[in-house]
Amino acid sequence: MSDSSTHLDVLIVGAGLSGIDAAYHVSKAFPSKTYAVLEMRDALGGTWDLFRYPGIRSDSDMYTLGFGWKPWKGKKAIADGADIRAYLQEAARENGIDQHIRYHHKVLHADFSTEDARWTVTVERTDTGERLELTASFLWSTSGYYRYDEGFTPAFAGVEDFRGQVIHPQHWPEDLDYQGKRIVVIGSGATAVTLIPSLADSGAGHVTMLQRTPTYIVSQPLTDPISYRLLQTLPDKIAGKLVRGRYLAMTIGFYEFCRARPREARALIRKMSERQLPKDVSYDEHFTPPYQPWDQRLCVVPRGDLFKALRQHTVDIVTDHIDRFTPQGIRLKSGKELEADIIITATGLNLQMFGGATLAVDGHDIKPAETMAYKGLMLSGIPNFAFIVGYTNASWTLKADLVCEYVVKLLERMDRTGARTVVPRRDPSVAEEPFLDFEAGYVLRSIDSLPKQGAVFPWRLKMNYFKDLLVFRKPVEDEALEFSA
């Protein structure tokens, strides 16, 4: 396929983990279909190419974060960003996907014509500013749900008074010199607990973790010799299924235990954490969230590296509220002042759907918040369109793999019956619920701009891979889906 082709059978937007997964399934199921992957940046990898802060790593095990069609064979169950990026590059190269990626292509707008049964997509070249149009029979958004150009930073009083550097991890300076420096990291989520031990181990003078609200933090082994040996000795297909099944059972089993028996789960997490904390760090003050386990995502620390740093006193933890920034650092509501040379705002992400692109049908703009998600992969009233949003309680790729298989079945059904369009039709009697039933701050800040999900199937799915597996593996025939020639 020429890079200048302007009509595609399938147009995939985003060359991260989801985009590579989608491209693999399309290319294997439909060798004769044309497809392209549009990527607004200059490299594939998505999250794993964008984030370059020290210690960047997966917060899920790689045996389920890796693709179902390409088992992860690395020694580390929790892998660093560079290894994940190399894995994605290898997956794309081995399957010829890299030849279908068009870099510096940012989708601005897509309009579906019912008469022509095709999308017209307006694209901006991020390297030249040029605008161009492509058409596609099926549009597939695989760009995730957060903004790549900016992270979330609250408005801190006095930030302009601070004499040091203020950095958001999403925009980490390559030349940042933090050797011997006093660093305060604001935040208690996955980014903070990843970044802090790495800074302490790589030369920072002292690191303070400043949090407003504690997070549940659990330790996990960095490597898994049993899984690694299975993957090295058994055929890929067999070993991949065995290892993936093992981690699925552990991960989802623990999630369901936490939701069903939160008191016991809190006690278990406490017991595991207290064994690793030094005596001068209070669990009750710094590690007891005001919510139940898995109301927000649990943070994983490989080999308990954060707890180790606290024991070595290269890191300390402060739970308080920020009053304002000062020339020397941060003054807290308690009156205490934290001196710093560098302040890192690991304060979260900004969400946006479809990479910021707008959608329309027959010239009428579509507001995502006015649509309802069908099986978490299509939107009511929008024909020939799918998207991928992974699990919040398990590896993103588990959901991506299921969506990819389902979209392939949709396209096969359309080819077999001669249908040119497929669209979910919303039942007005189905009550609305939030798209993501998740209490993380970055979700709650954006919930009003996201699509809705319904109160009943197929407009509502449970956050459980095994239950979704039964749903997505069934035939695509459904009263809610309208196929048309």
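Notes on the structure follow.

Reading the values: rules and limits
- Residues numbered from 1 in each chain as written.
- Predicted model: local features only at pLDDT ≥ 70, side-chain atom pairs only at ≥ 80, totals over all residues.
- Heavy atoms only, no water.
- Phe/Tyr/Trp six-rings, centres within 6.5 Å; stacked < 30°, edge-to-face > 60°.
- Buried < 20%, exposed > 50% of the residue type's maximum accessible area, 1.4 Å probe, protein only.
- Lys NZ or Arg CZ within 6 Å of the ring centre and 35° of its normal.
- Salt bridge = Lys/Arg side-chain N within 4 Å of Asp/Glu carboxyl O.
- Helix = DSSP H or I, 4+ residues; strand = E, 2+ residues; numbered from the N terminus.
- Expected span 1.5 Å × (residues − 1).
- Arc of directions from axis to C-beta.
- Contact = heavy atoms within 4.5 Å.

Quick look at the packing of aromatic side chains now. Summed over all chains, the structure comprises 22 aromatic pairs. Centroid distance Tyr-465 to Phe-466: 5.8 Å. Interplanar angle 70°. Geometry classified as edge-to-face. Under the relative-accessibility criterion, Phe-466 is labelled partly exposed at 39%. Ring-pair connections join several aromatic residues into one group, and the members of that group are Tyr-24, Phe-67, Trp-69, Trp-72 and Tyr-87. Its end group placed over the ring of Tyr-391, Lys-399 keeps NZ or CZ at 5.6 Å from the ring centre.

Under the criterion given, the structure shown has 25 salt bridges. The partner of Arg-324 in a salt bridge is Asp-161, and the shortest N-O contact between them spans 3.1 Å. Placement of the pair is Arg-324 in strand S14 (residues 322–325) and Asp-161 in the loop between strand S7 (146–151) and strand S8 (165–167), with a sequence separation of 163 residues. Assessed through its relative accessible area of 34%, Asp-161 is described here as partly exposed. Between Glu-274 and Arg-270 there is a salt bridge, and its shortest N-O distance comes to 3.2 Å. In this pair, Glu-274 and Arg-270 both sit in helix H8 (residues 262–274), four residues apart, roughly one turn of the helix.

Its 13 residues place the ends of H8 18 Å apart at the C-alpha level, agreeing with the 18 Å of an ideal helix rising 1.5 Å per residue. Ala-265, Ile-269 and Ser-273 are the residues of H8 that are buried. Around the axis of H8, the buried residues are gathered within 65° of arc, so they sit on the same side. Along H8, exposed side chains directed more than 90 degrees from the buried face belong to Arg-263 and Lys-271. Looking at the buried side of H8, the elements it contacts are strand S11 (217–220), helix H7 (236–260), helix H9 (283–286) and helix H10 (305–312).

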